[in-house]
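# What the coordinates show
So the chains spell out like this:
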There are 2 protein chains.
Amino acid sequence: MNGADALISTLVANEVTACFANPGTSEMQFVAALDGVPQMRPVLCQFEGVATGAADGYGRIADRPACTLLHLGPGYGNGVANLHNARRAYTPIVNVIGDHATYHRQYDAPLNSDIATLVKPNSIWVKSAETADDVSALAAEAVQASYGPPGGPVSLILPADSAWLPAGGEIARAQRPARAAPRGEAVEAAARALKAAKNPVILLGNQACRAEALKEAARLQAAGITIYSDTFVPRQPRGAGVFAPKKMPYFGEMALGELEGVDLMVFVGTTTPVAFFAYPNRPSVLVPEGCQTLTLADRAEDSVAGLAALADALGAPKEGPVQALALPDAAPSGGLNPYYVGTSIARHMPENAIVCDDAVTSGTGVAAMTASARPHEVLALTGGAIGIGLPLAIGAAVAAPDRKVLSLNGDGAAMYTVQALWTMARENLDITVVVFANYTYRILNVEMTRTGAGEAGPSARKLLDLGDPKIDWVPIAKGMGLPAVSCATAEEFDKAFAAAMAQKGPTFIEAVI
Amino acid sequence: MNGADALISTLVANEVTACFANPGTSEMQFVAALDGVPQMRPVLCQFEGVATGAADGYGRIADRPACTLLHLGPGYGNGVANLHNARRAYTPIVNVIGDHATYHRQYDAPLNSDIATLVKPNSIWVKSAETADDVSALAAEAVQASYGPPGGPVSLILPADSAWLPAGGEIARAQRPARAAPRGEAVEAAARALKAAKNPVILLGNQACRAEALKEAARLQAAGITIYSDTFVPRQPRGAGVFAPKKMPYFGEMALGELEGVDLMVFVGTTTPVAFFAYPNRPSVLVPEGCQTLTLADRAEDSVAGLAALADALGAPKEGPVQALALPDAAPSGGLNPYYVGTSIARHMPENAIVCDDAVTSGTGVAAMTASARPHEVLALTGGAIGIGLPLAIGAAVAAPDRKVLSLNGDGAAMYTVQALWTMARENLDITVVVFANYTYRILNVEMTRTGAGEAGPSARKLLDLGDPKIDWVPIAKGMGLPAVSCATAEEFDKAFAAAMAQKGPTFIEAVI
């Protein structure tokens, strides 16, 4: 057994069984070792941002980490944007980053770089396996560290000689740390404050938006407290049979407008809400003036236990409200827009679907029309780095092969990680991709005004517009191996989407809006 | 004038006139300010790795920096791999990285990250403009720092409020630092050692491979000294009328085989050659045992002056040998391979063309067949991070609109930054793209054996093979707005390539090999 064998055996022994990879020479021992451990599923991604985004989607759905295999500093660099998103989603991921052999680093060969520094901003744990004998223990430590709580990406640097030299010792085991329930005093303080407040709200985020937590939150809503969720949540059930909290609006002034008169905010699984960006003369912190704030459970604590204890303390009913099923009566017709897309999704999306949302400005319309659809789960863009919608779907589909996965993407966002389409085809994943083609970074046209930057002139427009030339998505998707169709009317989209839901395997729909 | 106006005015005043950009909300003031300074050319890239690779190509050809405009940490992250290559090419680049407003950072909004740490491994200078009044002076300092010598990417972090607040003061000026000539003692020592050596070689890299330096190196060759160049050189003239040094072989044992018996290596513009990767039981340092080494000029010094002084000290002839023009007699025929592609390139490539080489294993065939072609320049992959060939061509074409640009790419390499095709179409750049479609990471099949990892089994093969499904490049290129054709025979390629050379504007050729 060499270090690479020890690494993969340790990962598999600790339930890490998917590897999203783009290897190079320094990772060849890892690649070879895969053949000895068939429990590990290797998934090739033709760009590392696909691999890291896929690992994020996998982790959110499987609730255990996938590993990535990345080629030194530049390979990791390509994965940074989606690891930023994963860090903001608190997703466990074990990044395995190949490096030069320990004795070779000193010569500063062309691919040498300061990996330890590069990984720091997006890793909650970093170590390098400087000998083959270290590998198994460090791999188990990496898995354990990735769980947090609240979890996140970890970086295990694997020098080539630590992979190829013989490794002794046992296969090490990781423990999965439990989340601590919030202390009784925190629950009592929240209960007291909520009873005293005139107009309180509870804000949920992260684990507090998972299915079990939402059931408890619904009880609190039944007790008369308004419940909100963060704007962007890593994983949240939605649709029929699920409690639907209000969502914090994206724009700060809208959020503060809605919260006017609120005198208490209690945070569960999240913290003080802030504006996504700063703007001249607009507030950064989205808490009304004079409003008290209180944390029931931070991101690392057990939100479910906290919410249940709070609901009990307040004498809330045993069950709260859930969304009723309400499907659209008829297919939409006319020119296509995001609301019509949402209508068709609501009509045809099967129960238990996973929706990966990187649709940016088009997402609002879809969300509005699918609120009462069959029960599904939504994985949102938690870190603001667009280009996650396609990779996230790959990871979700690998983690849950029996669930239909939808990938909703702005055209600007989809182009970032367009290589993901090929992996969907290769792995024959049950993913329906929708790209909203509006041929512009639409959000930036809005933001340009909001930042006070004024009207876009010809130079500025050159940096916002995607329509010259218009990207033709259908041949691109077909070139990567997917069946693909373009829809410019609601009728066409409804038909194409219904067909996609009726079959298994990857398919691509361009929605020209 | 706000900070953004001051920044762009300062850049333009210091000859930075091209901006490869993918902006977001925090960069809207910069985008708006572009309209006030039409001397700055904004070029939109639909992925930041395209922007940074283009800035590298621009800097290598223009010999002055372009700027990039990147969206916080994740935007920079997407650009890391090609900045790694640029660092290894010593290319001046001014990265402008937008950040949250200074007062907003403390709230850790979703796009917040530790930019200063992330940029460190690939920046030779980093500062953040914490006030609008700082911007102009820091921008000039950034430009100056990017020149080195030997030059490289610098990172100027621009908080949103430093861009939108009023900026006072003058537009600052950068100085371009001169390279120092090697000291007389270094020249004398090299001359003495060369006279005493039985079998000396001179190894050139970086600036020592530019046109003026090669002329002086040719004189030394005429004086009987064998001249080598590094394996990967940022910019090197080639073909008829140019001195052609030998090239250090990629594989270490081949290099050492060639250098057997060499008793002196003199380095000019480079340093001790090392193996690209480490392998079990193979050497890292590519200097024969017992061979003396000596540096005439390091990367920061003036290689041209050093070589000229050395040639004079040795009494070398005033002129050395150059390659004679020798074009292929006839068009190749039969099944396509890289050598036939090279033959057609040699037949039709016009004088003064720029060849951006990311062709990996296919590059050898092309290089062999174009050695005696019309004079051209080659930009190589200096840092080993594939995915540079398409972006590099964008930058070269923007810097030199009157020169024909060729972009040669392995299929695995091209997929990394495939979004570059759209920018070529939008900007109507005179680039001919060739993608060698062999449907595998061929180099890794070779490296697998060399690393002693053994034969690839089914799992390993899944990570090396790109042929299931086969990517169909022509529809992808067309979807991005380029005319495109696929060639499977030498006759087809020769015809397609001749046609591409006969017209202006971007075109795409898939070479199925």
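Once a new chain begins, its residue numbering starts again from 1 and follows that chain's sequence as written. For this description, chains carry letters from A and ligands carry numbers from 1, given in the order in which they are written. Where totals are concerned, whole chains, interfaces and linings use all residues; where local detail is concerned, this predicted model gives features only for residues with pLDDT of at least 70, and gives and counts side-chain atom pairs only at 80 or more. Side-chain numbers come from the whole structure's heavy atoms, not from hydrogens or water.

### Considering the overall build of chain A
To qualify as a helix, a DSSP run of H or I must reach at least 4 residues; to qualify as a strand, a run of E must reach at least 2; elements of each kind are numbered from the N terminus. Secondary structure summary: chain A contains 20 helices and 18 strands in total. Only C-alpha atoms enter the radius of gyration, while the globule expectation follows 2.2 Å times N to the 0.38, with N the number of residues. For chain A, whose C-alpha radius of gyration is 24 Å, the value lies close to the compact-globule estimate of 24 Å for 513 residues. Across its three principal directions, the C-alpha atoms of chain A cover 65 × 60 × 45 Å. A simple rule labels every residue: compare its accessible area, found with a 1.4 Å probe on the protein chains alone, to the largest value its type can have, and call it buried under 20%, exposed over 50%, or partly exposed in between. Taking all 513 residues of chain A together, 64% fall into the buried category.

### Notes on the nonpolar core
Ranked by size, the top nonpolar core spans 215 residues in total, and within it Phe20(A), Ile394(A), Leu421(A), Phe20(B), Ile394(B) and Leu421(B) carry the most contacts. Among the nonpolar cores identified, the runner-up in size contains 31 residues, and Ala191(A), Cys209(A), Ala213(A) and Leu264(A) belong to it. The set of buried Ala, Val, Leu, Ile, Met, Phe, Trp, Tyr and Cys residues whose side-chain atoms join them within 4.5 Å is what this entry labels a nonpolar core.

### Side note on the interface of chain B and chain A
In this assembly, 96 residues from chain B lie in contact with 96 residues from chain A. Buried surface at the junction of chain B and chain A, summed over both partners, amounts to about 8,200 Å²; 65% is from carbon and sulfur atoms. The term salt bridge refers to a side-chain nitrogen of Lys or Arg lying within 4 Å of a carboxyl oxygen of Asp or Glu. Where chain B touches chain A, the interface holds six salt bridges. Note that Asp465(B) and Arg426(A) form a salt bridge whose closest N and O atoms lie 2.6 Å from each other. Here a polar contact is taken to be a pair of N or O atoms separated by no more than 3.5 Å, where protein atoms must pair a possible hydrogen donor with a possible acceptor and residues adjacent in sequence count only if both atoms sit in side chains. On inspection of chain B and its partner chain A, the count reaches 50 residue pairs in polar contact (both at pLDDT 80 or more). Counting residues per element, the side of chain B that touches chain A draws most heavily on helix H4 (residues 72-89) of chain B, at nine residues. Polar here means any residue other than Ala, Val, Leu, Ile, Met, Phe, Trp, Tyr, Cys and Pro, which are nonpolar, and Asp, Glu, Lys and Arg, which are charged; Gly is therefore polar. The residue makeup of the side of chain B that touches chain A, split by class, is 53 nonpolar, 28 polar and 15 charged. It only takes one pair of heavy atoms within 4.5 Å for two residues to be counted as in contact. By buried area we mean the combined loss of accessible area, with a 1.4 Å probe, across both parts when two parts are placed together.

### Some details on the packing of helix H12 (residues 338-348) of chain A against helix H13 (residues 363-370) of chain A
Residues and elements named next belong to chain A. Running from N to C, H12 and H13 cross one another at 40°; their axes reach a closest spacing of 7 Å. The two elements H12 and H13 cross, and the hand of that crossing is right-handed. Residues Pro338, Tyr339, Val341, Gly342, Thr343, Ile345 and Ala346 of H12 lie in contact with H13, whose contacting residues are Thr364, Gly365, Val366, Ala368, Met369 and Thr370. Counted by class, the contact of H12 with H13 contains eight nonpolar, five polar and no charged residues. Between N-to-C directions, angles span 0 to 180 degrees; the directions come from axes that are lines fitted to C-alpha atoms, helices contributing only their stretch in contact. Left-handed is the label given to a crossing in which the near helix is rotated counterclockwise from the far helix by less than a right angle, and right-handed is the label when the rotation is clockwise.

### Some words on helix H6 (residues 135-146) of chain A
Residue and element names in this part refer to chain A. By this rule the span expected of a helix is its residue count minus one, scaled by 1.5 Å. Over its 12 residues, H6 extends 16 Å from the first C-alpha to the last, a length consistent with the 16 Å expected when each residue adds 1.5 Å. Summarising burial for H6: nine of the 12 residues are buried, a large majority. Those residues of H6 that sit buried are Val135, Ser136, Leu138, Ala139, Ala140, Ala142, Val143, Ala145 and Ser146. Downstream of H6 by one or two residues, Gly148 has phi in the positive range, about 70°.

### Looking at the relation of the copies chain B and chain A
Copies are brought into register by a least-squares superposition over C-alpha atoms of residues with pLDDT of at least 70 in both. Of the transformation superimposing chain B on chain A, the axial component is 0.0 Å and the angular component is 180°, with the fit at an RMSD of 0.0 Å. Seen this way, the second copy is the image of the first under a two-fold rotation axis. If distances are taken from each C-alpha of chain B to the rotation axis, the shortest is found for Ile476(B), at 2.1 Å. Counting the interface residues of chain B, we find that 100% of their copies in chain A are interface residues as well, pointing to one common contact surface.

### Things to note about the state of the cysteines
What counts as a disulfide here is a pair of cysteine sulfur atoms lying within 2.5 Å. Per the counting criterion, the structure on display carries zero disulfides over all chains. Here Cys209(A) stays free of any disulfide, with the sulfur of Cys356(A) as its closest cysteine sulfur at 17 Å. Looking at Cys209(A), the relative accessible area reads 0%, which means it is buried. Counting only cysteine sulfurs, Cys19(B) is the nearest neighbor of Cys45(B), a cysteine outside any disulfide, at a range of 8.9 Å.

### Examining the pairing of strand E1 (residues 18-21) of chain A
Residues and elements named next belong to chain A. Judged by which residues are buried, E1 turns out to be covered on both faces: Ala18 and Phe20 on one side and Cys19 and Ala21 on the other are all buried. Here, a strand pair is defined by DSSP locating no fewer than two bridges between the strands. Summarising the sheet, E1 and strand E2 (residues 41-44) pair through four bridges and their orientation is parallel. Across the sheet, the residue bridging to Ala18 is Arg41, located in E2. By definition, the crossover connecting two strands over a helix is right-handed if that path, from the first strand to the second, turns clockwise as seen with the strands pointing away from the viewer. The handedness of the E1 to E2 crossover, carried by helix H2 (residues 28-33), is right-handed.

### Concerning the sheet that holds strand E8 (residues 226-229) of chain B
Residues and elements named next belong to chain B. One open sheet accounts for five strands, arranged E10-E8-E7-E11-E12; its pairing is parallel. Either end of the sheet is taken by a strand with one partner, and the two such strands are strand E10 (246-247) and strand E12 (292-297). Inspection of the sheet shows strand E11 (residues 264-268) paired to E12 by five bridges, in the parallel sense. Bridging from a neighbouring strand, Val266 pairs with Leu294 of E12. Along the sheet, helix H11 (residues 303-313) makes contact with strand E7 (200-204), E11 and E12, crossing E12 at roughly 115°.

### Considering the environment of Arg179(A)
Residue and element names in this part refer to chain A. Its place among the elements puts Arg179 in the loop between helix H7 (160-164) and helix H8 (184-196). Here Arg179 falls in the partly exposed class, since its relative accessible area comes to 28%. For the pair formed by Arg179 and Ile8, sequence separation is 171 residues and the distance between their alpha carbons is 27 Å. Arg179 has contacts with Pro149, Pro150, Gln207, Arg299, Ala300, Glu301 and Asp302, leaving out every residue within four places of it along the chain. A polar contact of 2.7 Å, which involves the side chain of Arg179, links it to the backbone oxygen of Arg299. At 3.2 Å, the side chain of Arg179 and the backbone oxygen of Glu301 are in polar contact.

### Quick look at the domain arrangement of chain A
All names here are of chain A. Domain ranges listed in this record stem from an automatic or a database domain assignment. Domains assigned within chain A are domain 1 (3-164), domain 2 (184-313) and domain 3 (338-512). Centre-to-centre separation of domain 2 and domain 3, based on C-alpha positions: 29 Å. Opposite the 17 residues of domain 2 that make contact, domain 3 presents 21 residues. Both sides together, the interface formed by domain 2 and domain 3 hides about 1,600 Å², and carbon and sulfur atoms give 50% of it.

### Digging into the packing of helix H8 (residues 184-196) of chain B against H11(B)
Residue and element names in this part refer to chain B. Put simply, H8 and H11 touch, their axes get as near as 9 Å, and they point 50° apart. When the interaxial angle is binned, H8 and H11 end up oblique. Handedness of the H8/H11 crossing: right-handed. Where H8 approaches H11, its residues Val187, Ala190, Ala191, Leu194 and Lys195 are matched on the opposing element by Ala309, Leu310 and Ala313. When the residues that make up the contact of H8 with H11 are grouped by side-chain class, the tally is seven nonpolar, no polar and one charged. Any angle that falls under 35 degrees is termed roughly parallel, while one over 145 is termed roughly antiparallel, one within 65 to 115 roughly perpendicular, and all others oblique.

### Regarding the packing of aromatic side chains
Stacked, edge-to-face and tilted are the three classes for Phe, Tyr and Trp ring pairs, Trp counted by its six-membered ring, which pair at centre distances within 6.5 Å; planes under 30 degrees apart are stacked, over 60 edge-to-face, the rest tilted. Scanning all chains against the criterion turns up 19 aromatic pairs over all chains. A ring pair is formed by Trp473(A) and Phe508(A), whose centres lie 6.1 Å apart and whose planes are at 20°; its orientation type is stacked. In this pair, Trp473(A) sits in helix H19 (residues 473-479) while Phe508(A) sits in strand E18 (residues 507-512), placing the two residues 35 residues apart along the sequence. Residue Trp473(A) is classed as buried on the basis of its relative accessible area, which comes to 1%. Of the aromatic side chains, those joined through ring pairs into one cluster are Phe232(A), Tyr250(A), Phe251(A), Phe276(A) and Phe277(A). Sitting above the plane of the Tyr279(A) ring, Arg450(A) keeps its charged end 4.1 Å from the centroid. Geometrically, a lysine NZ or arginine CZ counts as sitting over a ring once it is within 6 Å of the ring centre and also within 35 degrees of the ring normal. A cation sits over an aromatic face here: Arg282(B) above Tyr279(B), 5.9 Å from the ring centre.

### Observations regarding the confidence of the model for chain A
When pLDDT is averaged along chain A, the result is 97; 100% of the residues meet or exceed 70. At the level of chain-chain contacts, confidence expressed as ipTM amounts to 0.97, with global pTM at 0.98. pLDDT is a per-residue confidence score from the predictor, ranging from 0 to 100.

### Considering the sheet that holds strand E3 (residues 66-71) of chain B
Residues and elements named next belong to chain B. Spatially, six strands are ordered E2-E1-E3-E4-E6-E5 in an open sheet, and the strand pairing comes out parallel. The sheet is open, and its two borders are formed by strand E2 (41-44) and strand E5 (126-128), each paired with just one other strand. With direction set aside, neighbouring strand axes in the sheet form an average angle of 20°. Sheet topology note: the E3/strand E4 (residues 93-99) ladder contains six bridges and is parallel. If you follow Leu70 over to E4, its bridge partner there is Ile97.

### Focus: the environment of Glu289(A)
Inspection of the secondary structure assignment puts Glu289(A) in the loop between strand E11 (264-268) and strand E12 (292-297). On a C-alpha basis, the gap between Glu289(A) and Gln221(A) in space is 24 Å, while along the polypeptide they are 68 residues apart.

### Quick notes on the pattern of salt bridges
Residues and elements named next belong to chain B. Under the definition given, this model contains 44 salt bridges over all chains. Between Lys215 and Glu212 there is a salt bridge, with its nearest N and O atoms 3.4 Å apart. Linking Lys215 with Glu212, this pair stays in helix H9 (residues 211-222), spanning three residues, or about one helical turn. Using a relative accessible area of 45% as the deciding quantity, one classes Glu212 as partly exposed.

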